[in-house]
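What follows is the residue order along each chain.
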Amino acid sequence: MLAFAIHKPHVNLNKKLVFLSSFHYYMGSKFLLKPTTSTIPTPLPLLPSSNKQQYRAFKRLSPVFCSSKPTSKFNRSLLTQTNGLAFSPLAAPVYGLDPEVKKSKLEILRFKLAEVGIELDHFAPGQYNALTCPMCKGGGSREKSFSLFISADGGNASWNCFRAKCGWNGGTKPFAGSKSTYGTSLKLSKVKEIREITEQSLELEPLCDELVCYFKERLISAETLARNQVMQKGYGDRGQVAIAFTYRRNGVLVSCKYRDINKRFWQEKDTKKVFYGLDDIKGADEIIIVEGEMDKLAMEEAGFRNCVSVPDGAPPSVSQKELPPNQEDTKYQYLWNCKEYLDKVSRIILATDGDPPGQALAEELARRLGRERCWRVKWPKKNTDEHFKDANEVLMFSGPLALRDIIENAELYPIRGLFQFSDYFPEIDAYYNRTLGYEFGASTGWTALNEIYNVMPGELTLVTGVPNSGKSEWIDALLCNLNESVGWKFALCSMENNVRQHARKLLEKHMKKPFFDARYGESAERMSAEELEEGKQWLSDTFYLIRCEDDALPNIKWVLDLARAAVLRHGVRGLVIDPYNELDHQRPPNMTETEYVSQMLTLIKRFAQHHACHVWLVAHPRQLQNWTGQPPNLYDISGSAHFVNKCDNGIVIHRNRNPNAGPIDQVQVLVRKVRNKVAGTIGDAFLSYNRVTGEFMNVDKSTGSDNQGFKPLRR
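As the structure is a prediction and not an experimental result, all values here were calculated from the model.

A. Region of interest: the sheet that holds strand 13 (residues 169–172). The four strands are arranged 10-11-12-13 in an open sheet whose pairing can be described as antiparallel. Every other strand in the sheet has two partners, leaving strand 10 (128–131) and strand 13 as the edge strands with one partner each. Strand-to-strand, the axes of this sheet are offset by a mean angle of 15 degrees, without reference to chain direction. With four bridges joining them, strand 12 (residues 157–161) and strand 13 adopt antiparallel strand pairing. Along strand 13, the bridge assignment pairs Asn 160 with Asn 169.

B. Quick peek at the environment of Ser 688. Considering the arrangement of structural elements, one finds Ser 688 in strand 30 (residues 683–689). The buried category is assigned to Ser 688, whose relative accessible area is 17%. In sequence terms Ser 688 and Pro 663 are 25 residues apart; their C-alpha atoms lie 8.8 Å from each other. If we ignore the near neighbours within four places in the chain, the residues touching Ser 688 are Asp 665, Glu 695, Phe 696, Met 697 and Val 699. Among the polar contacts made by the side chain of Ser 688, one reaches the side chain of Asp 665 at a distance of 3.4 Å.

C. Structural view of the sheet that holds strand 20 (residues 347–350). Here five strands make up an open sheet; going across it, the order is 19-18-20-21-22 and the pairing mixed. Taken across any chain shown, the strands that pair with only one partner, and hence form the sheet edges, are strand 19 (307–309) and strand 22 (411–412). Here strand 18 (residues 286–290) pairs with strand 20 via four bridges, running parallel. Looking across to strand 20, one finds that Ile 288 is bridged to Ile 349. The strands touched by helix 6 (residues 293–301) within the sheet are strand 18 and strand 19, with strand 19 carrying the most contacts at an inclination of about 170 degrees. Across the face of the sheet, helix 9 (residues 356–369) comes into contact with strand 18, strand 20 and strand 21 (374–376) while running at roughly 165 degrees to strand 20.

D. Local environment of the pairing of strand 24 (residues 490–494). Among the five residues in strand 24, five count as buried, and that is most of the element. Covered by surrounding structure in strand 24 are Phe 490, Leu 492 and Ser 494 together with Ala 491 and Cys 493, the residues of both alternating faces. Here strand 24 runs beside strand 25 (residues 543–545); their pairing, made up of three bridges, is parallel. Note on strand 25: the bridge partner recorded for Leu 492 is Leu 545. In this structure, strand 24 lies alongside strand 26 (residues 574–578), joined through five bridges in parallel fashion. Directly across from Cys 493, in strand 26, lies its bridge partner Ile 577.

E. Quick look at the nonpolar core. Counting residues in hydrophobic clusters, the biggest one holds 58 residues, and the most contacted among them are Phe 215, Phe 275, Ile 289, Met 299, Trp 379 and Leu 403. Looking at this core, the element that brings in the most residues is helix 9, giving five residues. Formed by 37 residues, the second largest nonpolar core is a distinct cluster that contains Ala 477, Cys 480, Leu 492 and Leu 507.

F. How the structure looks around the state of the cysteines. As enumerated under the stated definition, the model contains zero disulfides in all. In this structure Cys 208 is not part of a disulfide, and its nearest cysteine sulfur, from Cys 213, lies 8.8 Å away.

G. Inspection of a nonpolar patch on the surface at higher detail. Among the surface-exposed residues, Phe 419, Phe 421, Tyr 424, Phe 425 and Ile 428 lie close enough to one another that they form a single nonpolar patch of about 560 Å² accessible area. By the secondary structure assignment, Phe 425 is in helix 12 (residues 425–432).

H. Summary view of the pattern of salt bridges. A complete count under the given rule lists 33 salt bridges for this structure. Note that Asp 390 is salt-bridged to Lys 389, the shortest N-O span being 3.9 Å. On the basis of relative accessibility, which here comes to 13%, the residue Asp 390 falls in the buried class. Arg 564 is paired through a salt bridge with Asp 561; the nearest N and O atoms lie 2.9 Å apart.

I. Expanded view of the packing of aromatic side chains. In total, this model carries 18 aromatic pairs according to the counting rule given. Aromatic side chains Tyr 214 and Phe 215 sit 5.6 Å apart centroid to centroid with 75 degrees between the ring planes, which places their arrangement in the edge-to-face category. Here Tyr 214 falls in the partly exposed class, since its relative accessible area comes to 24%. You can call Phe 215 buried: its relative accessible area is 0%. Within the aromatic cluster, the residues linked to one another by ring pairs are Trp 446, Tyr 453, Trp 474, Tyr 689 and Phe 696. One residue, Arg 347, lies across the ring of Trp 375, its end atom 4.6 Å from the ring centre. Residue placement shows Arg 404 over the ring face of Phe 304; its charged tip is 4.6 Å from the ring centre.

Basis of the calculations
- Residues numbered from 1 in each chain as written.
- Predicted model: local features only at pLDDT ≥ 70, side-chain atom pairs only at ≥ 80, totals over all residues.
- Heavy atoms only, no water.
- Pairing = 2+ DSSP bridges.
- Helix = DSSP H or I, 4+ residues; strand = E, 2+ residues; numbered from the N terminus.
- Axes fitted to C-alpha atoms, helices over the stretch in contact; angles between N-to-C directions.
- Buried < 20%, exposed > 50% of the residue type's maximum accessible area, 1.4 Å probe, protein only.
- Contact = heavy atoms within 4.5 Å.
- Polar contact = N/O pair within 3.5 Å; in protein donor to acceptor, adjacent residues only side chain to side chain.
- Core = buried A, V, L, I, M, F, W, Y, C linked by side-chain atoms within 4.5 Å.
- Disulfide = S-S within 2.5 Å.
- Patch = residues over 30% accessible without salt bridge, like charges linked within 9 Å, V, L, I, M, F, W, Y side chains within 5 Å.
- Areas by Shrake-Rupley, 256 points an atom, 1.4 Å probe, with all protein chains shown as cover.
- Salt bridge = Lys/Arg side-chain N within 4 Å of Asp/Glu carboxyl O.
- Phe/Tyr/Trp six-rings, centres within 6.5 Å; stacked < 30°, edge-to-face > 60°.
- Lys NZ or Arg CZ within 6 Å of the ring centre and 35° of its normal.

As structure tokens, then:
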């Protein structure tokens, strides 16, 4: 039997050290084994200003039982065997919530924070501490934008600077090792020492006659070369010569870029990244940015000295990531090094290369400089198949006047969501010439409605009426007419109809025969089996059903997503949502019904406009008290006045129920809102409903109407 006497962890209150006292072992055997020992470093008292960890050694023992033959390389390397008993160093202690233990952990955490530059005099565990960021120093205003959180038990710390130009964040733990996920996210980069260079130290020389002739062939004069202090440098073992483009700031050489005859580029290391030709834009209100030094020189030949070139070429594509803080924006550091030159500029012409990398560079520059003050150059065609690539190519093939004309006709850089009418002139011309199609809308198929309501692609029509007034039947008849006259297809989200009944109604209207020969069919001839098959094919080709097969109610986003798929996959031109109140209308607790309805209608209208798809939305009126049989008003719709405010067309369907007031098969179509006067106007129309086939037909005469069943209303 093996017996243990173990002392609990001992806390030294004076020195604030936590450690384990030695273990004592007793074995019930005639052999008494002397345990081995190991030395483990333990931290001394910690100070925030300390830069190094201090250690004190003490004895720590731990028993480990193992077989006489170790089972792994780990055991062989770490354990010392003595008659089957071995000892190894203990892992880092696990502390409870003892106050002194917590206090010690906070001291260790304080040291860890000091190592990354977060110096603390006082802090409150379990709370967010507002401090001045040790990285950005709070900017010019010294704001306390740095949030530090230390858990109540001292187990971890996390921080974040909320200044947009900094954004430093990270975290640590008192006992975090190299694999800890709480290791600080800050990568403290070494400050790169900037070299000071001169023409003499780089052994630069004036351009030789051969290089002057090379530039002359590219229509760049010796005067332009001299003003920009273009030089040369020998390199290699064979006496090769490279062009040296000198980068200067306030006349002082700060960097140098080389190009040899094979169009290979390289730069001096550890020099300041700035624009090429930086001094030429000092104090300028308008500047031009190009992609290469040769293009900068070409611009000068066209009369533009206020031009600079980027030093590092173009990226392969536009980055999909958010813009990094300025100090971490390595690829475009030259922008921030020249910030004082750029801040005063109100107009920036981006004349980068016309290839995809050049356009990606223009987008990256516009993201950083502000699209609102950027213009862009579109390089013209070089021949029937190619465009000019850059400024120097235009200069060589078309001359300085052509290059100047291109720059002077630079276009505003596009800003997403901001347009001019000129962007739509081709569409406006097509609208004027009526080549778009449906400029006056598609006819409903009823002459009584031709003057007051036509179906325009991309609009929202709101349809209401008291129960059993024929709203859904009228819309079904309208869809059949539109399919017959203009061949439109439709998506149907009709929650109140099951599929077989809805199919029957549509087939009866299309075939103009009853589906059954009993009851409502009266003595009319029932559609034959052959006609049924023909009708089924028509149904399949014309309508696409949006249905939720489980018990859950669909929401508007789900419906519109499926409708979008129907538009793109099947060419659907109309969507019916019947009725609105059958959708799932769960909304956030802090959102009113009015706000919800407004957002829902906005989603529907955006869908309609974007896909040129007409949407019919059926909405029931609220319960009408003491109803006398009169048609309801659009403002009687339950939910919100936004139904009326946001729809393009508002229609009330009303059926006569009083035989003394007129024929009971008469249906009144009240058009109460038309936003687009080209499509119709406010007025009433009367249709006759055929109960056998479900058709709506024009009436010859009705009280208060002309012989076409139309009764206009004055606004």
